[in-house]
Amino acid sequence: MTATAQQLDFLKNSIKSIQDYPKPGILFRDVTSLLEDPKAYALSIELLVERYRNAGITKVVGTEARGFLFGAPVALGLGVGFIPVRKPGKLPRQTFSESYELEYGTDRLELHCDAIQPGDVVLVVDDLLATGGTIEATVKLIQRAGGTVKDAAFIINLFDLAGEARLKALGLNVYSLVNFPGH
Ligand SMILES: O=P(O)(O)OC[C@H]1O[C@H](OP(=O)(O)OP(=O)(O)O)[C@H](O)[C@@H]1O
Ligand SMILES: Nc1ncnc2[nH]cnc12
């Protein structure tokens, strides 16, 4: 099933926008309103599962917290394991750690060292692509564990924040269901 323009419009219209959250100048694209609509949530997952069904994906990685909401159901749909990348101090086993910059701050992300093996082909899923810092750090973590990342998929791309070009420069294929300006 290739996404139709009507389906993508339906998803786009389910996402509310909040001016000046969490600070002045940020136009926040709120994916929780999509989650509240079961038809929109299910469609977003179905479209991603269909797209990657025959792509040889062996694991899906999602980043805390909103990436879990989309990565985990996509992993189930593909019949592969879901691996969480988490904020510091949350994972109990030995971790790799990478710091990164956000549109509104800096943070660190961690991945269980033994969650990904050499030979794994990983699909990274997140709700939203802004500057690309979160997913660049996530890709570095996966590569340190020996995995290969060819694809990153998002519900929302904030196209004027240049995240897509940043991830493409790392050699990734980038796919987003809807595009919005970030400001
Ligand atoms: O492309 P970037 O500039 O890195 O920004 C995108 C990231 O920012 C948001 O997460 P956030 O860190 O706010 O955490 P949350 O999912 O816990 O709300 C969003 O869910 C992405 O993961
Ligand atoms: N503008 C934005 N809206 C929603 N989530 C975000 N994460 C980073 N930038 C964001």
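Residues numbered from 1 in each chain as written. Chains lettered and ligands numbered in written order. Predicted model: local features only at pLDDT ≥ 70, side-chain atom pairs only at ≥ 80, totals over all residues. Heavy atoms only, no water.

By the naming in an unreviewed UniProt entry, the protein goes by Adenine phosphoribosyltransferase and is assigned to Pantoea coffeiphila. What UniProt records for the protein under Subunit (unreviewed entry) is the sentence "Homodimer." We quote the UniProt Function (unreviewed entry) comment for the protein here in full: "Catalyzes a salvage reaction resulting in the formation of AMP, that is energically less costly than de novo synthesis." (UniProt positions renumbered as here; feature names shortened; annotations may be inferred.)

(A) The site of ligand 1, seen in detail. Around ligand 1, 16 residues are found, and the nearest of them are Lys-87, Asp-126, Asp-127, Thr-131 and Thr-134. At a separation of 3.0 Å, an oxygen atom of ligand 1 approaches a polar side-chain atom of Arg-66. Between ligand 1 and Ala-130, the relevant distance is 2.9 Å, taken from an oxygen atom to a main-chain nitrogen or oxygen of the residue. In isolation ligand 1 has 500 Å² of accessible area, and contact with the protein removes 88% of it. Among the secondary structure elements, those contributing two or more residues to the shell around ligand 1 are β7 (121-129) and α5 (133-144). (Near = heavy atom within 4 Å. Polar contact = N/O pair within 3.5 Å; in protein donor to acceptor, adjacent residues only side chain to side chain. Areas by Shrake-Rupley, 256 points an atom, 1.4 Å probe, with all protein chains shown as cover. Helix = DSSP H or I, 4+ residues; strand = E, 2+ residues; numbered from the N terminus.)

(B) Molecular detail of the environment of Phe-28. Positionally, Phe-28 belongs in strand β2 (residues 27-30). The buried category is assigned to Phe-28, whose relative accessible area is 14%. Taking the C-alpha atoms as reference, Phe-28 lies 8.5 Å from His-183; in sequence the two are 155 residues apart. (Buried < 20%, exposed > 50% of the residue type's maximum accessible area, 1.4 Å probe, protein only.)

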